[in-house]
Amino acid sequence: MTAKNATTLSMTLSETKRALEELGTEPTKSLGQNFLHDQNLARSIVSLLDIQPGDHIVEIGSGLGALTELLAPAASRLTLIEKDARLVPRLRRVFSSDHITIHHTDALEFDLRALWGHGPVKIIGNLPYYISSPLIAKYASALSPASILVLTLQLELAQRLGAACGSKDYGAMTICVGRRWDIRLARKLPAAVFHPRPKVDSAVITMRRKSRDEIQPLDEVAFESLVRRGFSARRKQLHNLLPDLRPQWDSLSSQIGIRTDARAEDLSLFQWESLTRLASPAAAQHGTELFDVVDENDHVLRAETRETVHVNNFLHRAVHMLVFNDHGELFLQKRSLWKDRNPGLWDSSAAGHVDSGEDYTTAASRELTEELGIPSPPLTRIGRLTPCETTGWEFIEVYRTTHNGPFHPAPMELETGAFFPLSHIRQWATRSPADFSPVFLQCLPLIGTGA
Ligand code: SAM
C-alpha cells in the first residue's frame, strides 16, 4: 500500500457512503454487503489475528477495505478475495503493493492449494452471511493451511459454533468443527456498526487449530456419520437413532459415562470421540508387523517386528510412489496426524514398508491400494535412496505412475491429499522444507525437470 493511501483511507460511516457514491453503487443484499464502519472495532477484530512477521494473511470478502487497511501494513503477505466486480478495481487501486494479491473470485471457488508455501496462514473475514457455513467448512477443511480464523458471523451461527454441551445451540456442527478447532466467541457486534444495518446481530469468533495432542485419533468418516445420525432427531434417545449399536448400547454407554437414555446433546466432544473409537475401532499401525532386515547390499538377513527394526535402526526396505495426473501435476498426501513418523507433513502420493517376504514392486502396488484406494496402475521405477538417518535406515525404491483419481484415501493414513503443479511444489519445498517429509524432499530430484 502506498504511504499516501495508508494515511488517507479510514472507513468511517461518511467515508463508506462516499466510497459507494464514488463507485456509483449501492450495497447488494444478495452479496451479504454490510460494511463495517467502526474503526475501533476493526482494530479490535484485526488484533485477534495476532499478526507476526512472516504471516500470510488471507481476507475473505474485502469489500471497501475496512479491515484491509489495517491488515496491509502489518502482513508480510496479504491475499484478498472479493466476488463483487464493482469493488475489485477500487481494491486494486487502494491496495496496490507487491506484497498484496487480489483475487476477483467467489471465495467458495478459490483454490486453497495456492495458499501453501508462502508462510504461516491466518484467515480473516467479515463473512457474507448467506454463505458463512460453506465458507467455514472450506477454510477450516483439511486442505486449508490456516492456523487461526477470525470470522464475523451472524450471532446465531457464532453461538452454535461456540455452544456448550447440553445447550440448545449445541449440535453436529459444534462437534464436527470443534474436533479440530478451538472456537471462542470473542465479542458481539451490534447491527449499528455496519452500513447498511443487518437485520440480525453479529459476533466475532476465533477458531484456533488444535494441536495433535488435543485430538483423539479415530476414523473421521465414522465420527461424522455417528454425530450426524445422533443429531438427526434431537429429541430422540440416541440408542433409537443408532440401531446398529443397540446390541452393545448398555456397555458402550457405561464405558463413555452416559445414561442409556442419553440424547445427542448430552455427549461432550470427548464422549462422541470415545463412542466412535469403541464403535468403529480404526486400524492403527502396530509394532507386530514383520519386515525383512537387510544388510548394506540389500540382501535379506532375517525377519523382525516393526518395533524391533525401528528401535535398533536395522536396515530394512520401503517404497515411495509418485502419482501424476494427465496434466503432469503430482498428487501429494498430507500424512495423518496419527502416523508415528512425520505426522501432518506433506509426502509422496503413497509410501510404506516392504513386508517380510514381499518384493518392492508388490509392496508398491499394495500401498497404492491401501493408502489411495486405487487398483495399482503400471509402475515405473525412477530411482533408489540408500539408507541413512533421513530415510529411517531404509532402502527406498521410488516409482512413478499416472492416475487421475478419484482416490479413496484411508482415513488413518492420510489427513488429505491433492494434485499440485510440480513448479509450485518445487518453490514451496525451497521456501518451506519443514512442510515436507524429509524422504519426499529426497524423492523430488528423482522426478527430473519434466513431469
Ligand atoms: N470486509 C468488509 C467489511 O468488513 O466492511 C466487507 C464485509 S461484507 C459483510 C462481505 C463482503 O464479502 C462484501 O464485500 C461482498 O461483496 C463479499 N462477498 C460476498 N460473497 C462473496 C463470495 N462468495 N466470495 C467472496 N466475497 C464475497
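Residues numbered from 1 in each chain as written. Predicted model: local features only at pLDDT ≥ 70, side-chain atom pairs only at ≥ 80, totals over all residues. Heavy atoms only, no water.

### A closer look at the sheet that holds strand E2 (residues 56–60)
Paired through backbone hydrogen bonds, the strands of a sheet run either parallel or antiparallel to each other.
Line of reasoning, step 1. What the seven strands build is an open sheet, ordered E4-E3-E2-E5-E6-E9-E7; its pairing is mixed. The sheet is open, and its two edges are formed by strand E4 (100–104) and strand E7 (181–189), each paired on a single side. For this sheet, the mean angle separating the axes of adjacent strands, direction not counted, is 15°.
Line of reasoning, step 2. Helix-sheet contacts for helix H3 (residues 39–47) involve strand E5 (121–126), strand E6 (146–154), E7 and strand E9 (202–209), and the interaxial angle to E7 is about 170°.
Line of reasoning, step 3. Lying on the sheet, helix H6 (residues 132–139) is in contact with E2, strand E3 (77–82), E5, E6 and E9; it crosses E6 at an angle near 175°. (Pairing = 2+ DSSP bridges. Helix = DSSP H or I, 4+ residues; strand = E, 2+ residues; numbered from the N terminus. Axes fitted to C-alpha atoms, helices over the stretch in contact; angles between N-to-C directions. Contact = heavy atoms within 4.5 Å.)

### Here we look at the site of the ligand
Line of reasoning, step 1. The environment of the ligand is made up of 22 residues, and the closest members are Gln33, Gly61, Glu82, Ala107 and Asn126.
Line of reasoning, step 2. Measuring from a nitrogen atom of the ligand, one finds a side-chain N or O atom of Glu59 at 3.4 Å.
Line of reasoning, step 3. When the free accessible area of the ligand is taken as 590 Å², the share hidden by the protein chains comes to 99%.
Line of reasoning, step 4. When its residues are assigned to classes, the shell around the ligand shows nine nonpolar, eight polar and five charged. (Near = heavy atom within 4 Å. Polar contact = N/O pair within 3.5 Å; in protein donor to acceptor, adjacent residues only side chain to side chain. Areas by Shrake-Rupley, 256 points an atom, 1.4 Å probe, with all protein chains shown as cover. Nonpolar A, V, L, I, M, F, W, Y, C, P; charged D, E, K, R; others polar.)

### Concerning the environment of Leu87
Line of reasoning, step 1. Inspection of the secondary structure puts Leu87 in the loop between E3 and helix H5 (88–94).
Line of reasoning, step 2. Take Leu87: its relative accessible area is 2%, and that puts it in the buried class.
Line of reasoning, step 3. Each C-alpha atom of the pair Leu87 and Ala19 lies 9.8 Å from the other, and the pair is 68 residues apart in sequence.
Line of reasoning, step 4. The residues contacting Leu87, other than those within four sequence positions of it, are Leu23, Gln33, Phe35, Gly63, Leu64 and Glu82. (Buried < 20%, exposed > 50% of the residue type's maximum accessible area, 1.4 Å probe, protein only.)

### A few points about the nonpolar core
Line of reasoning, step 1. Counting residues in each nonpolar core, the largest one holds 34 residues, and the members touching the most others are Leu36, Ile45, Leu67, Leu71, Leu78 and Ile124.
Line of reasoning, step 2. Those residues in contact with Ile45, other than ones at most four positions away along the chain, are Leu36, Leu67, Ile124, Asn126, Val150, Thr152, Leu189 and Val204.
Line of reasoning, step 3. Counting residues in each nonpolar core, the second largest holds 30 residues, with Ile131, Ile136, Met173 and Ile205 among its members. (Core = buried A, V, L, I, M, F, W, Y, C linked by side-chain atoms within 4.5 Å.)

### Some details on the confidence of the model for the chain
Line of reasoning, step 1. Across the chain, the average pLDDT comes to 94, with 96% of residues at 70 or higher.
Line of reasoning, step 2. Low pLDDT (under 50) marks residues 1–8, which in the prediction has 13 contacts with non-local residues, meaning those over four places away or in another chain. (pLDDT = per-residue confidence, 0-100.)

### Section: the domain arrangement of the chain
Line of reasoning, step 1. Domain parsing of the chain yields domain 1 (3–213), domain 2 (220–279) and domain 3 (290–446).
Line of reasoning, step 2. Averaged C-alpha coordinates put domain 2 and domain 3 at centres separated by 37 Å. (Domains from an automatic or database assignment.)

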